[in-house]
Amino acid sequence: MAVPLSISRVWGVIDSRLDRIAIGVSGLCLAHCLGTTVLLAVFSAAGGLLDPRIHEVGLTLAIVFGVVALGRGIFTHGYMMPAVIGAFGLGIMAGALSLPHGQFETFWTLIGVALVALGHDLNRRATY
């Protein structure tokens, strides 16, 4: 006989999935940033990948996943540290948008993405 899932267990599964999706999106952002840098070094015609809308949409997705997954994690397990680390990473990513395209923008974006991914990983581990 199947045991019905409690609301907290359902939210735990959803939170874990959101964090995993957010980590995957962070990985895609990392691949995009590194890939674009390599492509620009090899092909100067790859400048279309630097369209500011790509970065704005990516940051918007990161903020949405961060607010939902990390915010829900605070209510689920009560730890603020994953959300603080993730929010700090999002702030660094937002600040990197103001920099001109190039090495510094890529560097700061990668630092921000790594911190956001760390926040989501800590959040996911705290729910177990």
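Residues numbered from 1 in each chain as written. Predicted model: local features only at pLDDT ≥ 70, side-chain atom pairs only at ≥ 80, totals over all residues. Heavy atoms only, no water.

S.K.: What should I look at first to understand the confidence of the model for the chain in this one?
M.R.: Interpreting fine coordinate detail is not advised for predicted regions of low pLDDT. Taken residue by residue, the chain gives an average pLDDT of 77. The fraction at 70 or more is 73%. The element-level mean pLDDT for the chain is lowest in helix H1 (residues 7-42), coming to 72, with helix H3 (residues 81-97) highest at 91. (pLDDT = per-residue confidence, 0-100. Helix = DSSP H or I, 4+ residues; strand = E, 2+ residues; numbered from the N terminus.)

S.K.: Looking at this structure, I do not really get a nonpolar patch on the surface. What am I missing?
M.R.: Taken together, the side chains of Leu99, Phe104, Phe107, Trp108 and Ile111 define a hydrophobic patch exposed on the protein surface, amounting to about 490 Å² of accessible area. Within the secondary structure, Trp108 is located in helix H4 (residues 103-126). By relative accessible area, Trp108 is classed as partly exposed at 39%. (Patch = residues over 30% accessible without salt bridge, like charges linked within 9 Å, V, L, I, M, F, W, Y side chains within 5 Å. Areas by Shrake-Rupley, 256 points an atom, 1.4 Å probe, with all protein chains shown as cover. Salt bridge = Lys/Arg side-chain N within 4 Å of Asp/Glu carboxyl O. Buried < 20%, exposed > 50% of the residue type's maximum accessible area, 1.4 Å probe, protein only.)

S.K.: Please explain the packing of aromatic side chains as it appears in this structure.
M.R.: In the structure shown here, the tally under the stated rule is 1 aromatic pair. Each ring, one from Phe107 and one from Trp108, has its centre 5.1 Å from the other, and the planes form 80°; the classification is edge-to-face. (Phe/Tyr/Trp six-rings, centres within 6.5 Å; stacked < 30°, edge-to-face > 60°.)

S.K.: For this particular structure, what's the right way to read the environment of Ile85?
M.R.: Mapped onto the secondary structure, Ile85 falls in helix H3. The spacing of Ile85 and Leu118 is 33 residues in sequence and 7.4 Å in space, taken between C-alpha atoms. Excluding residues within four positions of it along the chain, Ile85 makes contact with Leu115, Leu118, Gly119 and Leu122. (Contact = heavy atoms within 4.5 Å.)

S.K.: Looking at this model, I keep getting lost on the pattern of salt bridges. Mind explaining?
M.R.: Side chains bearing opposite charge may pair, as long as their charged atoms lie close to each other. In the structure shown here, the tally under the stated rule is 2 salt bridges. A salt bridge links Asp121 to Arg124, with the nearest nitrogen and oxygen atoms 2.9 Å apart. In this pair, Asp121 and Arg124 both sit in helix H4, 3 residues apart, roughly one turn of the helix. For Arg124, a relative accessible area of 18% corresponds to the buried category. Asp121 is paired through a salt bridge with Arg125; the nearest N and O atoms lie 2.9 Å apart. With Asp121 and Arg125 both in helix H4 and 4 residues apart, the pair spans about one turn of that helix.

S.K.: Would you take a moment to explain the nonpolar core for this structure?
M.R.: Taken as a class, soluble globular proteins show a tendency for nonpolar side chains to be buried jointly. By size, the foremost hydrophobic cluster in this structure holds 6 residues: Leu59, Ala62, Leu90, Met93, Val113 and Val116. Counting only elements with at least two residues in this core, the list comes to helix H2 (52-77), H3 and H4. In this view, Val116 contacts Ser26, Gly86, Gly89, Leu90 and Met93; residues no more than four positions away in its chain are not counted. (Core = buried A, V, L, I, M, F, W, Y, C linked by side-chain atoms within 4.5 Å.)

S.K.: What is the right way to look at the environment of Ala83 in this model?
M.R.: Position of Ala83 relative to the elements: it lies in helix H3. Overall, Ala83 belongs to the buried group, its relative accessible area being 15%. As for Ala83 and Val116, which are separated by 33 residues in sequence, their C-alpha atoms are 8.8 Å apart. Aside from chain neighbours lying at most four places away, what touches Ala83 is Leu70 and Ile74.

S.K.: So what exactly am I meant to see when it comes to the side chain of Ser26 here?
M.R.: Locating Ser26 in the fold gives a position in helix H1. Every residue in contact with Ser26, bar those within four places of it in the chain, is listed here: Val113, Val116 and Ala117.

S.K.: Hey, could you run me through the environment of Glu56 in this one?
M.R.: With respect to the element layout, Glu56 can be found in helix H2. We classify Glu56 as partly exposed; its relative accessible area is 44%.

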